[in-house]
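A closer look at the structure
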Amino acid sequence: KINTFFSKVNKGIPLAYITNLGHFYGRDFYINESVLIPRFETEELTVLAIEYVNNIEKDLINVAEVGVGSGCIGLTLVAECFHKNINLIGHDISEDALDVARTNLDKLQFCLPKKSIVNFSLSDRLSESELGCHDLIVSNPPYIKTKQDMESVHQQVKSFEPDLALFIEDDKYDDWFNTFFSQVESCLRSDGLFLMEGHENHLNDLKKMASGFSFKEIKIIKDLSQRDRILSLKKI
């Protein structure tokens, strides 16, 4: 076992994939190479989502996560808002990723309120069945341009983390997010909130794109290192 461990280390495989363990917001999540390794920057997105949900005064709060991966964002949100009644649906285009999210749902079941409901859906972004349904949509989507941004991506990330969760072809980038924002606009309730992690080099362009939809309070939020990190959109 020791030889196998150090053999993987020598190959540069991230420790989180070797141990199948990712730490996020004080909890341990099962992960494998089908999902991204949870990162501290994404905790900042989760904090904003938790704060927003805690201030909603409703009997049932509908939340969607797009690009659910390991489930670390959505499951943390449900666990931290223990006194709220949340209906969470986590979307991902990868069935393997959804298997990881289901594993973490089972693993963390003890710390989730019984009154909340968590489901997962194999889908590309949002579904038409959710029109006008959600109070909050949260996402850590692929946001790295395959060519333009590649030099700035760490070699370990390029070699071992799933391309599907990271990259969008440069010539498809704008269309991908234009479709996504259109879905978000359709699926949010009036006055609902959309929170998305994004690339610091592209968030201003995405902010301008979002201004063409029925959103108000369009803003970019910086992370703790003062880099543009989160796009926040409030629906009219």
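A brief look at the structure comes next. For clarity, every value in this text was computed on a predicted model and none was experimentally measured. (Residues numbered from 1 in each chain as written. Predicted model: local features only at pLDDT ≥ 70, side-chain atom pairs only at ≥ 80, totals over all residues. Heavy atoms only, no water.)

Digging into the environment of Ile 218
Its place among the elements puts Ile 218 in strand E10 (residues 215-222). If sequence neighbours within four positions are ignored, Ile 218 has contacts with Lys 207, Ala 210, Ser 211, Leu 231, Ser 232 and Leu 233. (Helix = DSSP H or I, 4+ residues; strand = E, 2+ residues; numbered from the N terminus. Contact = heavy atoms within 4.5 Å.)

Structural notes on the pairing of strand E1 (residues 21-24)
Looking down a regular strand, the side chains alternate between one sheet face and the other. By the alternation rule, side chains of E1 split into Gly 22 and Phe 24, which are all buried, and Leu 21 and His 23, of which none is buried. As judged from the four bridges shared by E1 and strand E2 (residues 27-30), these two strands associate in the antiparallel manner. What sits directly across from His 23, in E2, is Asp 28. (Buried < 20%, exposed > 50% of the residue type's maximum accessible area, 1.4 Å probe, protein only. Pairing = 2+ DSSP bridges.)

Some points on the packing of aromatic side chains
The final tally for this structure, using the stated rule, is eleven aromatic pairs. Ring geometry for Phe 24 against Phe 29: centres 6.3 Å apart, planes inclined by 80 degrees, an arrangement best described as edge-to-face. There is no split in this pair, since Phe 24 and Phe 29 are both buried. Ring plane angle 50 degrees and centroid distance 6.1 Å describe the contact between Phe 177 and Phe 181, whose orientation is recorded as tilted. Here the residue Phe 177 and the residue Phe 181 both occupy positions in helix H8 (residues 173-187), the gap between them amounting to four residues, near one helical turn. Overall, Phe 177 belongs to the buried group, its relative accessible area being 0%. Of the residues examined, Phe 181 reaches a relative accessible area of 0% and is grouped as buried. (Phe/Tyr/Trp six-rings, centres within 6.5 Å; stacked < 30°, edge-to-face > 60°.)

Concerning a negative patch on the surface
A contiguous patch of negative charge on the surface is contributed by Glu 169, Asp 171, Asp 174, Asp 175 and Asp 205. Looking at the element boundaries, Asp 174 is found in helix H8. For Asp 174, a relative accessible area of 46% gives the class partly exposed. (Patch = residues over 30% accessible without salt bridge, like charges linked within 9 Å, V, L, I, M, F, W, Y side chains within 5 Å. Areas by Shrake-Rupley, 256 points an atom, 1.4 Å probe, with all protein chains shown as cover. Salt bridge = Lys/Arg side-chain N within 4 Å of Asp/Glu carboxyl O. Lys, Arg positive; Asp, Glu negative; His and termini not counted. Charge placed at Lys NZ, Arg CZ, Asp CG, Glu CD.)

Focus on unusual backbone geometry
Note: most residues except glycine have negative phi, and most peptide bonds are trans. The phi dihedral of Arg 125 is positive, around 65 degrees, even though this residue is not glycine. Relative to the elements of secondary structure, Arg 125 occurs in the loop between strand E5 (117-122) and strand E6 (134-139). Of the residues examined, Arg 125 reaches a relative accessible area of 11% and is grouped as buried. Its identity as a non-glycine residue notwithstanding, Asp 191 has a phi of 75 degrees, on the positive side. Summarising the element assignment, Asp 191 is placed in strand E9 (residues 188-197). Here Asp 191 falls in the partly exposed class, since its relative accessible area comes to 36%.

Brief notes about the environment of Asn 20
Tracing the sequence through the fold places Asn 20 in the loop between helix H2 (15-19) and E1. Sequence separation of Asn 20 and Tyr 30 is ten residues, and the distance between their C-alpha atoms is 5.6 Å. Residues within four places of Asn 20 in sequence aside, it is in contact with Phe 29, Tyr 30, Ile 31 and Asn 32. Of note is the side chain of Asn 20, whose polar atom sits 3.0 Å from the backbone oxygen of Ile 31. (Polar contact = N/O pair within 3.5 Å; in protein donor to acceptor, adjacent residues only side chain to side chain.)

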